[in-house]
Amino acid sequence: MPKNGGWGCLTRPVLPPAVAVDLDGVVWRAATPIPGAADAIVRLRAVGVDVVFVTNNAYPTLAGHEAKLAAAGIDAAGAVISSPMGAAALLRPGERVLVAGGAGVLEAVGAAGAEAVTYDEADAPGAAPVETVVVGFHQDFDYAKMRIASTAVRRGARLVATNDDATYPTERGEVPGNGSILAGIATAGGVAPIIAGKPHEPIATVVRDRCGPTGMVIGDRVETDGLFAVALGWDFGLVLSGVTTAADLPVVPTPALVADDLAGLVDQLLVAR
Ligand SMILES: [Mg+2]
């Protein structure tokens with residue numbers, strides 16, 4: 001019996017071949033692992049479910065994500081799909097890309113075979129124009145960087161963002177996220193950005209290519225994880241361990257399953273076998 005008193009069985013659960021697990025609010029809250037999450041991943045893999053971790057957090061490298069997951073007791077080697085990978089899927093080999101982001105964006109631009117250009121390089125007198133600006137979260141963003149990125153856009157560069165989350169949760173409350181940085185560049189650049197991360201198509205393509213056409217997105221945020229499930233054509237498994245609470249129910253899109261946390265959701269999935 002689900003701990004939350006029955007929200008869990010809105011439709012008959014079916015064990016999916018793949019699950020795309022969100023991180024913040026599902027595996028951990030800020031820096032604190034959520035109890036039972038690591039064991040839940042082990043239990044899913046034990047019955048053959050392909051587990052990937054899909055995050056809009058664009059700052060860390062893939063190794064950085066893997067290390068934080070390992071510290072939470074989860075083996076995620078080769079199983080992290082981050083929003084910079086969605087952005088990189090839009091790049092062409094050899095194109096000049098202004099990295100308006102952190103290590104994760106730099107890594108993904110390199111993996112795509114594109115030429116990473118720093119703010120200083122883009123701003124140098126006589127510099128060749130950049131063809132794309134990729135915006136990801138970086139705490140050292142400032143007015144000069146907004147000027148350089150928006151000038152590139154005004155000169156014709158595409159504006160691609162890893163994600164447009166306005167804020168993200170910390171121990172000190174909600175703080176400005178990449179969507180807030182992006183808003184400055186897009187406003188000054190005078191264009192609408194292409195968004196790569198959840199719930200948008202570029203990262204959906206990356207997940208579909210890796211996992212196939214059927215699966216479940218497990219997340220805590222309806223407007224990213226729920227709509228991401230819709231974009232993939234997958235089921236949505238909602239956990240109430242993050243930003244969505246029982247008081248918010250019912251939600252749209254309608255989850256196939258709702259549970260207090262990842263452990264409870266996996267309990268329901270394993271009953272479905
Ligand atoms: Mg989340």
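Residues numbered from 1 in each chain as written. Predicted model: local features only at pLDDT ≥ 70, side-chain atom pairs only at ≥ 80, totals over all residues. Heavy atoms only, no water.

Take the nonpolar core next. Grouped together as the largest cluster of nonpolar side chains are 29 residues, with contacts concentrated most on Val21, Phe53, Leu69 and Leu262. Broken down by secondary-structure element, the contributors of at least two residues to this core are β1 (18–21), α1 (37–46), β4 (50–55), β13 (216–219), β15 (257–259) and α10 (262–271). For Leu69, the contacting residues outside a window of four places in its chain are Leu23, Val27, Trp28, Phe53, Ile74, Ala76 and Val80. The next biggest cluster of nonpolar side chains, apart from the first, holds 22 residues, and it includes Val52, Ile81, Cys211 and Trp234. (Core = buried A, V, L, I, M, F, W, Y, C linked by side-chain atoms within 4.5 Å. Buried < 20%, exposed > 50% of the residue type's maximum accessible area, 1.4 Å probe, protein only. Helix = DSSP H or I, 4+ residues; strand = E, 2+ residues; numbered from the N terminus. Contact = heavy atoms within 4.5 Å.)

A few words now on the sheet that holds β4. Taken in spatial order, the six strands line up as β5-β4-β1-β13-β14-β15 in an open sheet, and their pairing is parallel. Of all the strands in the sheet, just β5 (80–82) and β15 have a single pairing partner and so form its edges. The average angle at which neighbouring strand axes cross in this sheet is 20 degrees, direction not considered. Bridging between β13 and strand β14 (residues 235–239) involves four bridges; their strand directions are parallel. Paired with Ile218 across the two strands is Gly237, which belongs to β14. On top of the sheet, helix α2 (residues 62–71) reaches β4 and β5; it is set at about 130 degrees to β5, its chief contact. (Pairing = 2+ DSSP bridges. Axes fitted to C-alpha atoms, helices over the stretch in contact; angles between N-to-C directions.)

Here the focus is the coordination of the magnesium ion. Each pair of donors in an ideal octahedron of six around a metal sits at 90 or 180 degrees, and each pair in an ideal tetrahedron of four sits at 109.5 degrees. Bound to the magnesium ion are the protein donor atoms Asp22 (OD), Asp24 (O) and Asp220 (OD), situated 2.0 to 2.2 Å from the metal. All donors of the magnesium ion come from a single chain, and their spacing in sequence reads D-x1-D-x195-D. In this pair, Asp24 is assigned in the loop between β1 and β2 (28–29) and Asp220 in the loop between β13 and α9 (222–232), connecting sequence segments 196 residues apart. (Donors = N, O, S within 2.8 Å, 3.2 Å for Na, K, Ca; no water.)

What follows concerns the domain arrangement of the chain. Each assigned domain of the chain is listed here: domain 1 (18–56 + 199–271) and domain 2 (85–195). With centres defined by C-alpha atoms, the gap from domain 1 to domain 2 works out at 27 Å. Contact with domain 1, which involves eight residues of that partner, is made by nine residues of domain 2. Regarding the contact of domain 1 and domain 2, the summed buried area is about 840 Å², with carbon and sulfur atoms giving 59% of it. (Domains from an automatic or database assignment. Buried area = accessible area lost by both parts, 1.4 Å probe.)

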